[in-house]
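Structural characterization, general
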Amino acid sequence: MRTAHVALLALLATTPAWGQTPAAGIQWGPSPPFFPTGARFAVLQGDPSKTGVYTVRLSMPPGYVIKPHYHPTDEHITVITGTFEVGMGDAVDTTHMQRLASGDFITAPARAHHFAMAQGRTVVQVHGQGPFAITYVHPDDDPRHGRAAP
């Protein structure tokens with residue numbers, strides 16, 4: 001009986017949870033227009049544009065910057081690979097950023113003004129309650145206006 005339990009546990013440990021897609025099956029595409037160009041984006045769970053739980057990944061090239069912005073709901077961020085730096089405030093200040101390495105986790109509280117930068121190629125996973133929305137502190141930084149640089 002013990003052998004059957006060990007075999008079942010081994011099988012469960014190597015099988016993705018219900019409703020999850022294995023990492024190899026992630027379908028990447030260009031990032032949505034509310035991010036600066038140059039990043040790749042994948043939806044792992046839910047629909048970020050609708051009410052409900054969502055999980056997405058963002059793959060960023062070295063030096064990629066997301067200018068100061070905020071969200072109406074908490075944003076939960078896990079660094080999958082690379083180094084992700086996050087700062088709080090209305091202006092990008094590289095001297096006051098928290099450095100997060102692969103496996104690190106942070107929550108950006110709802111309506112908290114924050115900014116981020118990728119050091120090297122970096123992938124982050126973001127999950128939360130949708131709909132996902134992003135508002136740039138300075139409207140000219142919003143890539144949807146065609147004025148923001150990556």
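First, a word on scope: everything that follows refers to the structure included in this document. (Residues numbered from 1 in each chain as written. Predicted model: local features only at pLDDT ≥ 70, side-chain atom pairs only at ≥ 80, totals over all residues. Heavy atoms only, no water.)

Here we come to the side chain of Thr 55. Within the element layout of this structure, Thr 55 appears in strand E3 (residues 52–60). In terms of polar contacts, Thr 55 uses its side chain to reach the side chain of Gln 45, at 2.7 Å. Apart from residues lying up to four places away in sequence, Thr 55 is in contact with Ala 42, Val 43, Leu 44, Gln 45, Gln 125, Val 126 and His 127. (Helix = DSSP H or I, 4+ residues; strand = E, 2+ residues; numbered from the N terminus. Polar contact = N/O pair within 3.5 Å; in protein donor to acceptor, adjacent residues only side chain to side chain. Contact = heavy atoms within 4.5 Å.)

Tracing the backbone shows Arg 57 in strand E3. For the buried Arg 57, no salt bridge is present, and the opposite-charge side chain at shortest range is Glu 75, 13 Å distant. At a separation of 2.7 Å, a polar atom in the side chain of Arg 57 contacts the side chain of Gln 125. Filtering out sequence-adjacent residues up to four positions away, Arg 57 remains in contact with Ile 26, Trp 28, Arg 40, Phe 41, Ala 42, Leu 44, Ile 80, Val 123, Val 124 and Gln 125. (Buried < 20%, exposed > 50% of the residue type's maximum accessible area, 1.4 Å probe, protein only. Lys, Arg positive; Asp, Glu negative; His and termini not counted. Salt bridge = Lys/Arg side-chain N within 4 Å of Asp/Glu carboxyl O.)

Moving on: unusual backbone geometry. Cis geometry marks the peptide bond from Gly 130 to Pro 131, where omega comes out at 5°. Its identity is not glycine, yet Arg 111 carries a phi of approximately 65°, on the positive side. Mapped onto the elements, Arg 111 comes out in the loop between strand E7 (105–108) and strand E8 (114–130).

What follows is about the packing of aromatic side chains. One pass over the full model with this rule turns up 4 aromatic pairs. Ring centres of Phe 35 and Phe 41 lie 6.2 Å apart, and the angle between their planes is 40°; this geometry places the pair in the tilted category. Per residue, the accessibility class of Phe 35 equals that of Phe 41, and both read buried. With 5.9 Å between their ring centres and 80° between their planes, Tyr 54 and Phe 132 make a pair best called edge-to-face. One end of the pair, Tyr 54, is in strand E3; the other, Phe 132, is in the loop between E8 and strand E9 (135–136), with 78 residues separating them in the sequence. On the basis of relative accessibility, which here comes to 1%, the residue Tyr 54 falls in the buried class. (Phe/Tyr/Trp six-rings, centres within 6.5 Å; stacked < 30°, edge-to-face > 60°.)

Membership of the largest hydrophobic core comes to 23 residues, with the highest contact counts inside it found for Phe 35, Leu 58, Met 60, Tyr 64, Ile 66, Phe 84 and Val 124. At the level of elements, E3, strand E5 (75–88) and E8 are the ones that each hand at least two residues to this core. (Core = buried A, V, L, I, M, F, W, Y, C linked by side-chain atoms within 4.5 Å.)

Within the secondary structure, Gly 130 sits in strand E8. Owing to a relative accessible area of 11%, Gly 130 belongs among the buried residues under this scheme. Residues Gly 130 and Lys 50, spaced 80 residues apart in sequence, show a C-alpha to C-alpha distance of 5.5 Å. If near-sequence neighbours (up to four positions away) are discounted, Gly 130 is found in contact with Pro 48, Lys 50, Thr 51, Gly 52 and Tyr 54.

One ladder, built from 4 bridges, connects E5 with E7; its direction is antiparallel. If you follow Ile 77 over to E7, its bridge partner there is Ile 106. As paired elements, E5 and E8 share 11 bridges and run antiparallel to each other. By the bridge assignment, Val 79 is partnered in E8 with Val 124. Direction of pairing for E5 relative to strand E6 (residues 97–101): antiparallel, over a ladder of 5 bridges. Each residue of the ladder has a partner; that of Glu 85, found in E6, is Arg 99. (Pairing = 2+ DSSP bridges.)

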